[in-house]
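Next come the chains, spelled out residue by residue.
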Amino acid sequence: MPRPTINDVALAAGVSKGAVSFALHDRPGVAPATRERILNVARELGWTPSARARALSVSKALAVGLVMARRPDTLRADPFFPSFIAGVESVLSDHGYALLLQMVSDPDRERQSYRRLASEGRVDGVFVTDLLVADERPELLSEIGLPAVILGPGNKNPYWPVVGADDAPGIVAAVEHLLALGHTRIAHVGGPSAVVHGVSRREAWCGTLRAAGLPDAPFVETDFSAESGAAATRHLLDLDEPPTAVIYANDLMAMAGLSLAVSRGIDVPGRLSIVGFDDTEIAAHLQPALTSVRQDAIAWGRAAATRLLELIDGTDPTPVELAPAALVIRASTGPANSGAAYAAPSPRRRSTTERARMEKQ
């Protein structure tokens, strides 16, 4: 009868080969209950390490995964992820690793993808993005023994390391900048309340207003898309008492909001000040140039990839200090105008040719 292998233990325990290796060699990265289950299965199967196996390095896929439960069009339009992935790839390529990117339709399929990737040994670890307030993915990845790095605004996690910059200082700086310009009606177009960075930006905005002694201002929850940003702006401008300034949770929505305001004949920043978040490359080239909160997505990608490879190899983490989000002031913000809110755009004067054409009709 052939001797049991790590593959046999992994199949019987319902985990990845990497999880079995971590458990058998007493390395971090496996939940205590999962470790105990693996050890029990190994004893039941009679697994023992061979001299040859000890002499060989642990088999690796030399790939890491990024599974995202997003619509492809939202990723295409999101300026953050191309820069983040560029930072990731700059580290992976130096270490002979590849990035496996999967787009899935919903969270259930995302969890299925993690299980499949682990059982098939296709990746050695994964990045977890869009962390939820009540997120089950870190615990799942610990149970199946798939190393992970969580991307977030500096929150701790009981299962895996978190890599990310604190986005609150950027939002606080944006609100304080607008307050200094005389604005008191400062709205926020934010992300989903179930997403950690959506919540952190909203709390920073709300907390800074309250610290200034101002009442709660209008807030509109969105899905971070340009379409939802435009719809949120339309809602805010149609209020009986519209805001004189709006802080958006990303540049994409801010650009959509700027376009909508201009289409209504609203002077930016004369009547409405606009602030974005991410400081994408195009932000400085808009008319007017967009005031935005800057974060270094490339550095974030490098730091996340470095930490994940260290976790896979079981080496000590390299200290990482990502610069906190910072405000970049440009032409889309200006002093508050205390006059009437927003007048409807004046009818366009028709040319002589147009008037003549209408008279003939």
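That block above? That's the structure.
These notes cover the structure that comes with them. Because the structure is a prediction, the values reported are computed rather than measured.

The rules behind the values
- Residues numbered from 1 in each chain as written.
- Predicted model: local features only at pLDDT ≥ 70, side-chain atom pairs only at ≥ 80, totals over all residues.
- Heavy atoms only, no water.
- Phe/Tyr/Trp six-rings, centres within 6.5 Å; stacked < 30°, edge-to-face > 60°.
- Helix = DSSP H or I, 4+ residues; strand = E, 2+ residues; numbered from the N terminus.
- Buried < 20%, exposed > 50% of the residue type's maximum accessible area, 1.4 Å probe, protein only.
- Lys NZ or Arg CZ within 6 Å of the ring centre and 35° of its normal.
- Polar contact = N/O pair within 3.5 Å; in protein donor to acceptor, adjacent residues only side chain to side chain.
- Contact = heavy atoms within 4.5 Å.
- Pairing = 2+ DSSP bridges.
- Axes fitted to C-alpha atoms, helices over the stretch in contact; angles between N-to-C directions.
- Expected span 1.5 Å × (residues − 1).
- Core = buried A, V, L, I, M, F, W, Y, C linked by side-chain atoms within 4.5 Å.

1. Quick word on the packing of aromatic side chains
As enumerated under the stated definition, the model contains 6 aromatic pairs in all. Considering the side-chain rings of F80 and F84, the 5.8 Å spacing of their centres and the 20 degrees angle between planes classify their relative orientation as stacked. With F80 and F84 both in helix α6 (residues 80-92) and 4 residues apart, this pair spans about one turn of that helix. F84 shares its class with F80; the two are buried. Ring geometry for W205 and F219: centres 6.1 Å apart, planes at 35 degrees, overall tilted. Taken together, the residues W205 in helix α10 (residues 196-211) and F219 in strand β7 (residues 219-221) connect sequence positions 14 residues apart. Taking the relative accessible area as the measure of exposure, W205 reaches 3% and is therefore buried. By relative accessible area, which is 21% here, F219 ends up partly exposed. Ring pairing ties together the aromatic residues F80, F81, F84, F127 and W300, which thus form one cluster. One cation-aromatic arrangement involves R201 over F277; the distance from NZ or CZ to the ring centre is 3.8 Å. The side chain of R202 reaches across the aromatic face of F219, ending 3.7 Å from its centre.

2. Considering the side chain of H183
Assignment of secondary structure puts H183 in the loop between α9 (168-180) and β6 (186-190). Here the side chain of H183 touches T244 through a polar contact of 2.7 Å, side chain to side chain. What H183 contacts, discounting residues up to four positions off in sequence, is L178, T244, A245, S273, G334, P335 and A336.

3. Describing the sheet that holds strand β4 (residues 148-151)
Strand order in the open sheet formed by 5 strands is β2-β1-β3-β4-β5, and the pairing between neighbours is parallel. Pairing within the sheet leaves two strands with one partner each, and these edge strands are β2 (98-104) and β5 (162-163). Pairing of β4 with β5 involves 2 bridges; the strand directions are parallel. Looking at the pairing, I150 lines up with V162 of β5. Where α6 meets the sheet, its contacts fall on β1 (63-69), β2, β3 (125-128) and β4, and the angle it forms with β2 comes to roughly 150 degrees. Along the sheet, helix α7 (residues 107-120) contacts β1, β2 and β3; its crossing angle with β2, the most-contacted strand, is approximately 145 degrees.

4. Considering α10
Its 16 residues place the ends of α10 22 Å apart at the C-alpha level, agreeing with the 22 Å of an ideal helix rising 1.5 Å per residue. Those residues of α10 that fall on the buried side of the exposure criterion are V196, H197, G198, S200, R201, A204, W205, C206, T208 and L209. Structurally, α10 contributes buried residues whose contacts are with α9, β6, β7, β8 (245-248) and β9 (273-278). Downstream of α10 by a residue or two, G213 has a phi angle that is positive, lying close to 80 degrees.

5. Overview of the environment of G257
With respect to the element layout, G257 can be found in helix α12 (residues 251-263). Exposure remark for G257: the relative accessible area of 0% places this residue in the buried category. Dropping the residues within four chain positions of it, G257 is found in contact with T233, Y248 and I274.

6. A look at the nonpolar core
For soluble globular proteins, the rule of thumb is that nonpolar side chains tend to be buried together. Grouped together as the largest cluster of nonpolar side chains are 45 residues, with contacts concentrated most on V64, F84, L92, Y114, F127 and L141. For this core, the secondary structure elements donating two or more residues are β1, α6, β2, α7, β3, α8 (137-144), β4 and α13 (297-313). Top element by residues in this core is α13. It accounts for 9 residues. Excluding residues that lie within four positions of it along the chain, L141 makes contacts with Y114, V126, V128, L146, A148 and W160. L236, L237, V246 and I274 belong to the second-largest nonpolar core, a separate cluster that totals 21 residues.

It is worth stressing that arrangement in space is one thing and function is another; only the former is reported here.
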